[in-house]
Amino acid sequence: MIRLLPPPTTITRNASRPTTITRNASRPTTITRNASRPTTITRNASRPTTITKNVSRPTTITRNASRSTTIATYTRPTTTTTIRTLLPLLVALVAAETVQVTAANDQITWYNIGKFLQEFANVGLGAGELQKHLNQDYMWDNQEVRGHEKLHEITQRVTKLFEQSIRAVEDLQLVVEQEYETWPSLPRGQINESVLCCKAEEPSSTGCSLLATHGQQDELILATQTPASVLFEMNRIQNLYKNRITQYFAFNDGSLFVFPARRKNYLPACDSYDPRLRYYFTQAKSPEPRDVVVVVDAEQRPNPLLQKLVQRTFNALSPLDRVALCLPEDDTCSRGSLSPGVAGGWPEVDQPLRRQKLLGTVIVGSRRNKERLNDLLNAWLKSRPPTVLPSSDGVVPSTVLPSGNTSRNTSPSSAISSGFSSHIAALTAGTEVLLNSFKQPFNLPAESPHFVMVYVTDRSGWQHWEEDEELMAALNGTLDQSISIVVNPIKDAGEGVKDTELLHLNKSTLKLVAFPTLEKFYASQTSVSSFGVTVTERPVIPMPYWDAFGDGYIMSVCLPLSARGEFVGATCIDYSIINLLADVSIDDINNAYVFIVNSQGNTVVHPLLPSPHALTMDPAYVTIDKLERDPNVRSFLRDIVRQKPGFKDVIKGTRVVSVGRPRGRLNLPNAVQRQRASLRYLWGPINGTDLSIALVLPLKSGKVMASKYHCYNSTDCHMKDFHYHLPKPSNTRSFCRFFGTRAIADKGLVKFAPDCFNDLLGYIRGETNQEIALLYSIFHGDSPYDELLSKDLRASVKLVEKAERVWKRAANLSNYIGQQYMGTADGTLIAFPGTVLKQTYDHRTRPWYLLAISTNEEDAVSMTTPYCDELGAGMMYTITKALQGPLGNPMAVVAGDFTLQYIQAIFLKNVPYCSQHTCLLVDRLGYIVIKLDQVPHSTSPRDCHNDTDLISAHITSIAPDIARDLISSKVLRRHGCHDYEREVTFYFWSMELNGYKTQHKGKYYLMYKIPASNLFLVVRTERLMGYDSCHCDHFLNEETMECRNTCDLACECPCVAGLNTRPCHDLASDLHRWPLPACKPRGLTLTTAKNYTSKQLSALPPCNNAKCDVFEDETNCNEVVFCLWLGNKCIHVDSR
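What counts, and where the lines are drawn
- Residues numbered from 1 in each chain as written.
- Predicted model: local features only at pLDDT ≥ 70, side-chain atom pairs only at ≥ 80, totals over all residues.
- Heavy atoms only, no water.
- Pairing = 2+ DSSP bridges.
- Helix = DSSP H or I, 4+ residues; strand = E, 2+ residues; numbered from the N terminus.
- Expected span 1.5 Å × (residues − 1).
- Buried < 20%, exposed > 50% of the residue type's maximum accessible area, 1.4 Å probe, protein only.
- Arc of directions from axis to C-beta.
- Contact = heavy atoms within 4.5 Å.
- Core = buried A, V, L, I, M, F, W, Y, C linked by side-chain atoms within 4.5 Å.
- Disulfide = S-S within 2.5 Å.
- Salt bridge = Lys/Arg side-chain N within 4 Å of Asp/Glu carboxyl O.
- Polar contact = N/O pair within 3.5 Å; in protein donor to acceptor, adjacent residues only side chain to side chain.
- Patch = residues over 30% accessible without salt bridge, like charges linked within 9 Å, V, L, I, M, F, W, Y side chains within 5 Å.
- Areas by Shrake-Rupley, 256 points an atom, 1.4 Å probe, with all protein chains shown as cover.
- Lys, Arg positive; Asp, Glu negative; His and termini not counted.
- Charge placed at Lys NZ, Arg CZ, Asp CG, Glu CD.
- pLDDT = per-residue confidence, 0-100.
- Axes fitted to C-alpha atoms, helices over the stretch in contact; angles between N-to-C directions.

**A look at the sheet that holds strand β44 (residues 1055-1056)**
Alright, step 1. Taken in spatial order, the three strands line up as β39-β40-β44 in an open sheet, and their pairing is antiparallel. Of all the strands in the sheet, the pair left with one neighbour each is β39 (972-979) and β44.
Alright, step 2. By the bridge criterion, eight bridges tie β39 to strand β40 (residues 984-991) in an arrangement that is antiparallel. Paired with Asp979 across the strands is Val984, a residue of β40.

In structure tokens:
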């Protein structure tokens, strides 16, 4: 029998309504809410209980004479007792004393968990004192914001950035076109390697050239012979921008010149490169979107030339284009998906990304989709065409199914056709795909795309195509429907065929380009022409992409180069996308954000897109209607895309916020939560471009409020003891060994997020000694902040340095806390002991920070799931708490790391019942934080691995019987979001108690909501035998964690919709009955910067001198962060 017994408690809710609760069997309990309404309730014959409500309505209820009931309550410690009484208690806990609780071991003292978290955050991490310091020692500027003025201010900054780039690229275009007619050329085989970026040992001061990887030795190359006038202009532009940009131009011959020059060690492009296939070139040549179908007709297989030609056609497409692959089947385009036997039936409103049919259907030309189409083509080419035998009536069938199949299968290799019966059949099939292409139910662009058909065939008949009247009629019919055609006869079919544009009709063109050999293919230009598009003077701004020059995630401003009215190349200027993000960041309005879209509705900037620092390749391109899902917003999204200025208040709107993810091995995105909110949308064009900018502001009582804090005077923010994470150029530092990294034992080091700097790209590449010296000068009060920083961070640096002083005073906790850190909303971070972090590190993308700011309860303390510390401290937890501004906005987050052994020991002391019973501490996403049962816990060594049953373990895996009951009770609810970066749908869970409930009783368990936290305590009261487990395979990596179905009542671990996912056909329990939001992508995993060897590290003294040898038992030893029980004795971890 389980008894829930809290300490004796007196609660007073109202001076006029005194309430007394006494829960002892020997004395009656009286609750008086109103003198005029007494009521009597009898629960147990031996324990009379009187509740007085109304004299005129006496009520007696007898439940069970044999069952005594005790109700547990929670009392939050008052502010006046926190510093005076809780610090001694905390010190006692840290010293491994027994926690004084009022209950015996058979009582569930769950309320102690909340008390401990509050005490540890407020006293141990100093959150209470820091909150008081934030409230009292700064001048707060809280004011109403006029949205139109804010939008104008941001738009002006962004417009200035683009205007400068456009003027510069126009000047470069002018001088290149002036020199083009007399531009010197040189045969490829005679080019000096010293001018090539990928060959020269040292970069040239005058720039360098890149050439297409494949080319003929005798072909003439232009870009390696850059005229002096062009070099002069590029130098002038570079000086104007203070080396913050990259300039280049590329020609149709596959040559490119870049300035400044690049070192070959940092050039991803050296392995395989063709400038004519890069986004800047394809969009400069063809700035309008296209729907392109590639029709393949191959009588000979395998066919390497055909494979390379189709692959390059895919690569030549821009992010604006959509693409389809047409493989022959019964003289039509085969329709199927990546895997055979996949059932259909998904609601059309929100089709999962990986379940799109890929064959015979126009799909988004994303990188992943093009890779999948290439895989399908390769599988088809490797398959052997069946032997076609005439039937009894002498007729040869056009398609034969292999292995005796009598029905059509969705797998491309299971319905192998020997090819189309004729050229006319192939053209007809391709035309049908384009005319019946999938149309988005919500169409953002004002104009439909241009249609292009690329027909690749090894079937003969093109030498005398003009004499074939039926073929001519088919070609004219296709052109008449505004479909341009590119015909690529290959191998023998290309012999004797003259390359030319043959027909022009209805703004469409027929072009014939033959490829009889691989050499001809390598020497050719791109395979998809810019049909229907004339050279324009309007700048082209391609979607952001991963730079081949090693500059990371960038944007380009480009213009086409023309000579005698013909397109001959493109010239561009690059800048880092993070420069743009800095111009649109908003720190003073909580939950405000900006998004930028182009004229096709593709999203350039949005908080739900991946962080530029986390990308290592071209991202997935997402239209704005996938990110702004609220139906009330759709009515004006078209106006935003089409550059029609306006504003709209959405009173019952929706915002998507990140609620974090488990720390550990799984590469999962951040789960998100939709919250009801009143929002104000304002938007307008970015002049001179096809981009639009929108500002989204939260409304409170119809107003937009901003909140900033400042020092009372400038001298208050002068910090002579400021320590940046990089030292002054003239100073040296004494390091110590902090587990697996170097640290400064007695100092906290300050680090700023990348968007805090004016020159983000320069900061990411590495800070110069001059910039580091200037940074110290700013915070010493000797230089203005805006010489280097994009925002005034002096007040937030003062705040984090206050945190360091608070932590140093709590020296008695140093043995139990691994590392303490604090990050502010405007981008300032301090870590203690001080460690050097990577330039790209931004604490605002980390799980501990997102977890703290997304916990909605006031004064909440959050705790992460366990993770294997990358510094070598072993299995760790992080406890966090947000500091609030006067408007309730999270202004900073304070956090600390603790070992698994210490947290579990504290947990058992607070809830001793769990030392003999199964208890699970679970976070709001259902992930296991602490797992304790009757089996004695084994204190593992600090060398942990990410394959334990704790890291990223979910309640559906650890306790499936409890999970099933929670699901049926609608306490554990399933949710989903789309991860557009990996193009999968992620399904996760959320623990939700309705209203103000804090407890839930299941069939064989009890569950308690830990107040003001992200945690729930689940206690097993009975073990169910013979229950079905949930669908979980916890130890597989995330790529194989495929869901079985998508019903919200399906019991399975968090997973992604994969090729084997069965759709839910019950509309009442299908998550897709409403459109799913986008997931928040995760940031980078690695955080520390290491520029030292293991030998150098091992020679350093330890940062902490914990006296580990005083501990004589394993439990107390392993509770100390720096101690380890090894060989029946307690040793310091750094002495191993």
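**Quick look at helix α5 (residues 228-240)**
Alright, step 1. Over its 13 residues, α5 extends 19 Å from the first C-alpha to the last, a length consistent with the 18 Å expected when each residue adds 1.5 Å.
Alright, step 2. Among the residues making up α5, those that are buried are Val230, Leu231, Glu233, Met234, Ile237 and Gln238. One face of α5 carries all of its buried residues, which in axial projection span an arc of 160 degrees. Of the exposed residues in α5, the ones pointing more than 90 degrees away from its buried face are Ala228, Phe232, Asn239 and Leu240.
Alright, step 3. On its buried face, α5 is in contact with α4 (147-180), β8 (246-251), β9 (255-259) and β21 (566-576).

**What about helix α19 (residues 900-910)?**
Alright, step 1. α19 sits mainly inside the fold: ten of its eleven residues count as buried.
Alright, step 2. Among all positions in α19, only Leu900, Gln901, Tyr902, Ile903, Gln904, Ala905, Ile906, Phe907, Lys909 and Asn910 are buried.

**Points about the nonpolar core**
Alright, step 1. Judged by nonpolar contacts, the single largest core of 120 residues is most densely connected at Phe752, Phe779, Met822, Phe907, Ile955 and Leu1017.
Alright, step 2. In terms of residue count, helix α17 (residues 794-809) provides more of this core than any other element does, seven residues in total.
Alright, step 3. Setting aside anything within four residues of it in sequence, one finds Leu1017 in contact with Ile108, Trp110, Ile113, Phe907, Cys919, Leu920, Leu921, Leu1006, Met1007, Tyr1008 and Ile1010.
Alright, step 4. Among the nonpolar cores identified, the runner-up in size contains 78 residues, and Leu161, Leu267, Phe567 and Leu691 belong to it.

**Overview of the state of the cysteines**
Alright, step 1. On inspection of all chains with the given rule, the structure shows eleven disulfides.
Alright, step 2. Here Cys1043 connects covalently by a disulfide to Cys1055, the sulfurs 2.0 Å from one another. Looking along the S-S bond of the Cys1043-Cys1055 disulfide, the torsion reads about 105 degrees, which is the right-handed sense. With a gap of twelve residues between them, Cys1043 in the loop between β43 (1015-1020) and β44 and Cys1055 in strand β44 connect regions that are remote in the sequence.
Alright, step 3. Residue Cys1043 is classed as buried on the basis of its relative accessible area of 1%.
Alright, step 4. The exposure class of Cys1055 is buried, given its relative accessible area of 4%.

**Focus: the pattern of salt bridges**
Alright, step 1. This structure, assessed with the given rule, holds 25 salt bridges.
Alright, step 2. With a closest N to O distance of 3.1 Å, Arg236 and Asp171 form a salt bridge. Taken together, the residues span a long stretch of sequence, with Arg236 in helix α5 and Asp171 in helix α4 at a distance of 65 residues.
Alright, step 3. The partner of Lys747 in a salt bridge is Asp746, with the nearest N and O atoms 3.9 Å apart.
Alright, step 4. Taking the relative accessible area as the measure of exposure, Lys747 reaches 27% and is therefore partly exposed.
Alright, step 5. Here the residues in one salt-bridge network are Asp755, Lys791, Asp842 and Arg844, joined through shared partners.

**Observations concerning the side chain of Ser508**
Alright, step 1. Tracing the backbone shows Ser508 in strand β18 (residues 508-512).
Alright, step 2. For Ser508, the side chain forms a polar contact with the main-chain nitrogen of Ile483, separated by 3.3 Å.

**With respect to a negative patch on the surface**
Alright, step 1. Judged by side-chain charge, Glu466, Glu467, Asp468, Glu469 and Glu470 come together as a negatively charged surface patch.
Alright, step 2. For Glu466, the position within the fold is in the loop between β15 (450-457) and α10 (469-480).

**Thoughts on the confidence of the model for the protein chain**
Alright, step 1. With 76% of its residues at a pLDDT of 70 or more, the protein chain has an overall mean of 77.
Alright, step 2. Mean pLDDT across the secondary structure elements of the protein chain bottoms out at strand β3 (residues 49-52), with 39, and peaks at strand β26 (residues 692-698), with 95.
Alright, step 3. Across residues 386-416 the pLDDT falls below 50, and counting only partners more than four positions away or on other chains, this stretch makes 47 contacts in the model.
Alright, step 4. Counting contacts from residues 934-941, a segment whose pLDDT is below 50, to residues more than four positions away or on other chains yields ten contacts.

**A look at the sheet that holds strand β41 (residues 999-1001)**
Two pairing modes exist for strands in a sheet, parallel and antiparallel, and in both the strands are linked by backbone hydrogen bonds.
Alright, step 1. Reading across the sheet, the five strands line up as β38-β37-β43-β42-β41 and stay open at both edges, with antiparallel pairing between neighbours. Pairing within the sheet leaves two strands with one partner each, and these edge strands are β38 (928-932) and β41. The average undirected angle you get between the axes of adjacent strands in this sheet is 15 degrees.
Alright, step 2. Two elements, strand β37 (residues 919-923) and β38, share four bridges in a ladder whose sense is antiparallel. What sits directly across from Cys919, in β38, is Leu932.
Alright, step 3. Strands β41, β42 (1005-1009) and β43 of the sheet are contacted by helix α21 (residues 960-968), whose axis makes an angle of about 65 degrees with β42.

**Examining the side chain of His606**
Alright, step 1. Within the secondary structure layout, His606 lies in the loop between β23 (603-605) and α13 (624-627).
Alright, step 2. For His606, a relative accessible area of 7% translates into the label buried.
Alright, step 3. Of the polar contacts made by the side chain of His606, one reaches the side chain of Glu628; its length is 2.8 Å.

**Some remarks on the pairing of β8**
Alright, step 1. Summarising burial for β8: six of the six residues are buried, a large majority.
Alright, step 2. Residues Thr246, Tyr248 and Ala250 point to one face of β8 and Gln247, Phe249 and Phe251 to the other, with burial holding for every one of them.
Alright, step 3. Pairing analysis gives six bridges linking β8 to β21, with the strands arranged antiparallel. Each bridged residue has a counterpart across the sheet, and for Tyr248 the counterpart in β21 is Cys572.
Alright, step 4. As paired strands, β8 and β9 are joined by four bridges and run antiparallel to one another. Note that in β9 the partner of Gln247 across the bridge is Phe259.
Alright, step 5. Between β8 and β9, which pair antiparallel in sequence order, lie three residues; one of them, Gly254, sits at a positive phi of approximately 85 degrees.

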